[in-house]
Amino acid sequence: MRAYELSADRLLKEFRTTGNGLALSDIKKRQADFGKNIIERKKEKNYYKEYFKQYIEFFPILLEIAGVLAFIAEYYQPDQGNDILGYAIFGAVIINATFTFWQNFKADKAMEALLKLMPTIIKVKREGKVLEVDAGELVPGDIIILEEGDKIAADGVLLESNELYINTSSLNGESKPSKRELTCKDAKREIDAKNMVFAGTSVVNGSGEAVVVATSMATEFGKIATLTSNIEKGLTPLEKEIINMTKILTVLALIAGVVFFLLGYFSGKGILIAAIFALSLIVANVPEGLLPTITLSLSLASQRMAKKNALIKNLASVQTLGSVTTICTDKTGTLTKNEMTLKEIYLTSGEKVSISGDGYEIKGEFTINNKNDNSDRYIKRLLQAGLFNSRASIEDDKIIGDPTELAIVAAAKKYDLKEDFEKIKENPFSSERKMMSTFGKIEGKEILLVKGAPEVIFTKATHYQDTDEIKKLDDDARKAIQKELEDFEDRAYRVLAIAISDRDEEEDLTLIGLVAIMDIARPEVKDALAKCYSAGIRTIMITGDNANTAAAIGRQIGLQYDGVITGDKVAQMSTEELQELLEEKTLIFARMASNQKLKIADALQKNGEVVAMTGDGVNDSPSLKKADIGIAMGSGTDVAKESSDMILLDDNFNSIVSAIEEGRTVYFNIKKFVTYILSSNVPEIVPYILSFFLKIPNPLSVIQILSIDLGSDMLPGLALGSEKPEKNIMKRPPVGKDEKILDWEVFKRGYFFIGIIEASAAMFAFMSFLFSHGWQYGDVNLSDPVFHAQAMTMTLLGAVTSQLANVWTMRSWDFNIWTISWKSNKTLLFAWGAVLVWIYMLLNVEAVQKVFNTAHVPTTDLWILLPFPVLILISHETYKYLRLKKMQYLNID
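Residues numbered from 1 in each chain as written. Predicted model: local features only at pLDDT ≥ 70, side-chain atom pairs only at ≥ 80, totals over all residues. Heavy atoms only, no water.

Caption draft 1: Structural detail: the overall build of the protein. Scanning the protein from terminus to terminus reveals 32 helices and 27 strands. Residue burial in the protein is summarised as follows: out of 893 residues, 57% are buried. Here the contacts in the protein between residues at least 6 apart in sequence split such that 71% fall between residues at least 24 apart. On the protein, roughly 38,500 Å² of surface is accessible, and the fraction owed to carbon and sulfur atoms is 55%. (Helix = DSSP H or I, 4+ residues; strand = E, 2+ residues; numbered from the N terminus. Buried < 20%, exposed > 50% of the residue type's maximum accessible area, 1.4 Å probe, protein only. Contact = heavy atoms within 4.5 Å. Areas by Shrake-Rupley, 256 points an atom, 1.4 Å probe, with all protein chains shown as cover.)

In structure tokens form, the structure reads like this:
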């Protein structure tokens, strides 16, 4: 049953009600049958559980196990600093869990934003009396009273309508008030029926009465809410990668622990000693600083993006941007300025007028082709018809009104129109009428001024203004005007027809001209699109404009596309058909309804695409949530913003491209500092292994390992995370969905290349110091604790000074460091300085020496440390140079 197709009598009968409303005795029964008229929330989250979930993710579990093992090792071998290591690890876990939970908590607001649009108290007729009741008590069959300013609480079919206009933008994105009537006309679905009102919309003008036909989740508004809440977002690539890294590092740590436990046990060390050694080795293999560094790096990246007008809500989404393969973007305000400019006028008397100046500035020149003696008068009359038949105004930099009307007002001011107009009556614009007219007096003469869609005005016009007289609008004249109209549309203009009459009737009009208004493309869009194409990212325009205008704008901005398809055709296609079409072609989608965006996003994702989708209305929220990166406009609704991953503060397409560039940069920056952090694991592990199997003193204590992981590694690692984009970053293909951060290249550089050099540096420093001060091989227990502390300090400094060189060479993944300004990363300069201060404290500050078991080392011994940092710089820069020569696509000037 389609309620909107029923007659009033049949409708009342179907819903067992009357024009006086329901009997009070029926209300409770219907409330029991239909439930409360509220937008249902998903099951309320238990935020205590949500918080503790952060502790049972893969990486936190690995760190927690390492922390427990540290306490176990401390129990069996006290005073080795394992307890401090355990506390530090758990501190890092708590900080990360709290930070991640807070980010998710702030983002979990989409349903709350939806609920704000629903009224609480409404007027309803029951038993012939008008009552004010809670909106939640409404039931199907109730008669609701609608007045100007009211929010509508349920879907209903009109019984009465007195110049009733409602704002339906929350459902269909249509910003113009929509007139309601008592017939559905040719509607095939509820949302198109002109005799229906809808929950979540509001009354702009007039009044009416309606029979409630749907409440709560059965309303159109409820369907959007259901769709939005039921869409589950998958894990971001970064979240998957953290799980992947955790698994790999866990397996490596456990294998190392088991292997060396067995080696220790079978070499006669005993179970306890072998077990403690294995536990220490496992802890040394766990990069405690990795997760905090990733979190802080993402946070810094999101701050940089905010400065570029892209506000990130979910930190993990920063890296997802680097994987985007397709951007689905709105046109108006994103690819264009949303500052309409009247650029050309065609007068039916034959003149063609060009107007200079863009936007709403009131400076510009009029150039008239085919000018005759009456041209100035006709231009003046046409601009009067636009100016005085408008609600927009531009006064002292205050701009108020619809962008299309503002374009006409700006043009009229450029022409310096100053005549007064005495308004008598106005017939407002509506999306159904597609026209507006105002009756009044100019210079004492009554006149009807009309503007609207050409296809509407043409049907009401019977005459046109020729060079010096008014003539009948015959077929030849219509064809000539139609040709000019098509020329404007082919050049991406939005066209309005202007007509006049000396009677207060919208019939038998005299057509006087066409105005061609353009939403000026953002000047930076062309370059931004070119950057997308070089980066392997395709861009799909989705717009409500007609196909000709959309295609013309596409050509103007350099959009690459294979064709234009309209929303009607998309609605008729299955997802599989759309999926196949999008696999083969890049299309412009014209005359699209917002709810069709979800279908497009779904088809693209099934094709393996990583989709960024823009939107601004409530009805965009499902597609924003469905997309891998939902991008809400800063000027959009709260619901769209809450459903998105990113908010575009300036609504500018160029900001999306900048955000993607930042996302790619984050991916490679994480790759850099993961390699950097893993490099320091090797000089932590190797001394342990050698001390276990060789007859040498312990080269490194557990607390010193902690000082590397959480002390000297974190700040430089964070500095690598704040590196600016490399010069080839937007000339690479998108980061693959299955591309791993922790890949063979990271392992090769981190563990088997730089890590080996750093381990050699640490052991060379340790052994050289011992031998140079008279130590004999086999003397495991040094009698002088200061001497042992000095030797361990040299091991520690061997690793730390190597990392000081490593952080510079890791600034670029592909290019040599001399191609990057040494001053371009101020965070790195600070971090490097901080590590030097840390080294000084380890050598000279007694309180620090006591905690970290270090001691002062004479300057003459520190020269031992110099060769290895130089070796790291030379060898890694040579490696990058040779690798780059093999990978020609990266060799970009």
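There is more to say after this.
Caption draft 2: Structural context of helix α17 (residues 525-534). Inspection of α17 places V525, A528, L529, C532 and Y533 among the buried residues, and these make up the whole buried set. For α17, the angular spread of buried residues about the axis comes to 140°, placing them on one side. (Arc of directions from axis to C-beta.)

Caption draft 3: Local environment of the nonpolar core. Within the largest apolar cluster, 104 residues are counted, with the highest numbers of intra-cluster contacts made by I327, L511, L514, M646, F653 and V674. Per-element accounting of this core gives the leading share, 15 residues, to helix α24 (residues 653-693). Beyond its immediate sequence surroundings of up to four residues, M646 is in contact with M305, A310, L311, I312, L321, G630, I631, A632 and A659. Counting residues in hydrophobic clusters, the runner-up holds 36 residues, among them I368, L387, F388 and I517. (Core = buried A, V, L, I, M, F, W, Y, C linked by side-chain atoms within 4.5 Å.)

Caption draft 4: The pairing of strand β18 (residues 461-465), seen in detail. As judged from the 3 bridges shared by β18 and strand β21 (residues 509-521), these two strands associate in the parallel manner. By the bridge assignment for β21, Y464 is matched with L511. Sheet analysis places β18 next to strand β19 (residues 470-472), joined by 3 bridges and oriented antiparallel. For H463, the partnering residue across the bridge sits in β19 and is K472. The hairpin formed by β18 and β19 contains 4 residues between the paired strands. (Pairing = 2+ DSSP bridges.)

Caption draft 5: Up close: the pattern of salt bridges. Per the stated rule, a full pass over the model turns up 37 salt bridges. Here K425 and D504 are joined by a salt bridge, their closest N and O atoms 3.9 Å apart. Residue K425 is found in strand β15 (residues 421-427), and its partner D504 is found in the loop between β20 (494-501) and β21; the two are separated by 79 residues along the sequence. D504 sits in the partly exposed class, given a relative accessible area of 32%. (Salt bridge = Lys/Arg side-chain N within 4 Å of Asp/Glu carboxyl O.)

Caption draft 6: Local environment of the packing of aromatic side chains. Under the definition given, this model contains 19 aromatic pairs. Joined through ring pairs, the aromatic side chains of W744, F747, Y751 and F752 make up one cluster. The ring of F815 carries K727 above its face, with NZ or CZ at 4.7 Å from the centroid. Directly above the ring of W813 sits R749, whose terminal nitrogen or CZ lies 3.9 Å from the centroid. (Phe/Tyr/Trp six-rings, centres within 6.5 Å; stacked < 30°, edge-to-face > 60°. Lys NZ or Arg CZ within 6 Å of the ring centre and 35° of its normal.)

Caption draft 7: Quick peek at the packing of α24 against helix α27 (residues 744-772). Running from N to C, α24 and α27 cross one another at 45°; their axes reach a closest spacing of 7 Å. Taken as axis vectors, α24 and α27 run oblique relative to one another. Crossing angle aside, the handedness with which α24 passes α27 is right-handed. Residues K671, V674, T675, L678, S679, S680, N681, V682, P683, V686, P687 and L690 of α24 lie in contact with α27, whose contacting residues are V746, R749, G750, Y751, I754, G755, I756, E758, A759, A762 and M763. When the residues that make up the contact of α24 with α27 are grouped by side-chain class, the tally is 14 nonpolar, 6 polar and 3 charged. (Axes fitted to C-alpha atoms, helices over the stretch in contact; angles between N-to-C directions. Parallel < 35°, antiparallel > 145°, perpendicular 65-115°, else oblique. Left-handed = near helix turned anticlockwise from the far one by under 90°. Nonpolar A, V, L, I, M, F, W, Y, C, P; charged D, E, K, R; others polar.)

Caption draft 8: Focus on the side chain of D620. In this structure, D620 sits in the loop between β25 (611-615) and α22 (621-626). Take D620: its relative accessible area is 2%, and that puts it in the buried class. In terms of polar contacts, D620 uses its side chain to reach the side chain of K597, at 3.5 Å. (Polar contact = N/O pair within 3.5 Å; in protein donor to acceptor, adjacent residues only side chain to side chain.)

Caption draft 9: Highlighting unusual backbone geometry. Non-glycine residue E163 carries a positive phi angle of around 50°. Its place among the elements puts E163 in strand β4 (residues 155-167). At D416, a residue that is not glycine, the phi angle is positive and equals roughly 65°. Following the sequence through the fold, D416 ends up in the loop between α14 (403-414) and β15.

Caption draft 10: Looking closely at the environment of I517. Structurally, the position occupied by I517 is in strand β21. Separated by 113 residues in the primary sequence, I517 and T404 have C-alpha atoms spaced 7.3 Å apart. Not counting the four nearest positions on each side in its chain, I517 is found in contact with M340, T341, L342, T404, A407, I408, Y493, R494 and L496.

Caption draft 11: Helix α13 (residues 375-387), seen in detail. An ideal rise of 1.5 Å per residue puts 18 Å on 13 residues; α13 measures up with 18 Å between its terminal C-alpha atoms. Those residues of α13 lying buried are S375, Y378, I379, L382, L383, Q384, A385, G386 and L387. (Expected span 1.5 Å × (residues − 1).)

Caption draft 12: Looking closely at a positive patch on the surface. Taken together, K240, K247, K737 and K740 make up a surface patch of like positive charges. As for its placement among the helices and strands, K240 is situated in helix α9 (residues 237-266). Taking relative accessible area as the criterion, K240 reaches 46% and is therefore assigned partly exposed. (Patch = residues over 30% accessible without salt bridge, like charges linked within 9 Å, V, L, I, M, F, W, Y side chains within 5 Å. Lys, Arg positive; Asp, Glu negative; His and termini not counted. Charge placed at Lys NZ, Arg CZ, Asp CG, Glu CD.)

Caption draft 13: Broad picture of the confidence of the model for the protein. Averaged over all residues, the pLDDT of the protein equals 85, while 90% of them reach at least 70. Low pLDDT, under 50, characterises residues 889-893; the predicted model gives this stretch 13 contacts beyond four residues in sequence or across chains. (pLDDT = per-residue confidence, 0-100.)

Caption draft 14: Representation of a nonpolar patch on the surface. A contiguous nonpolar surface patch, about 720 Å² in accessible area, is contributed by V251, I255, V259, L263, F693, L694, F771 and Y777. Mapped onto the secondary structure, L263 falls in helix α9.

Caption draft 15: Region of the structure containing the side chain of N195. On the secondary structure map, N195 appears in the loop between β5 (178-179) and β6 (196-197). Judged by its relative accessible area of 2%, N195 falls in the buried class. Reaching out from N195, the side chain makes a polar contact with the backbone oxygen of Y4 at a distance of 2.9 Å. The residues touching N195, leaving out its near neighbours within four places in the chain, are Y4, G156, V157, L158, E181, L182, T183 and C184.

Caption draft 16: A look at the pairing of strand β24 (residues 587-590). With burial as the criterion, each face of β24 is covered, one bearing L587 and F589 and the other bearing I588 and A590. Bridge count between strand β23 (residues 563-566) and β24: 4 bridges; the pairing is parallel. When the bridges of β24 are listed, V564 appears paired with I588.

Caption draft 17: Just the environment of L6, in detail. Following the sequence through the fold, L6 ends up in the segment before α1 (8-14). What makes L6 buried here is its relative accessible area of 18%. As for L6 and C184, which are separated by 178 residues in sequence, their C-alpha atoms are 9.2 Å apart.

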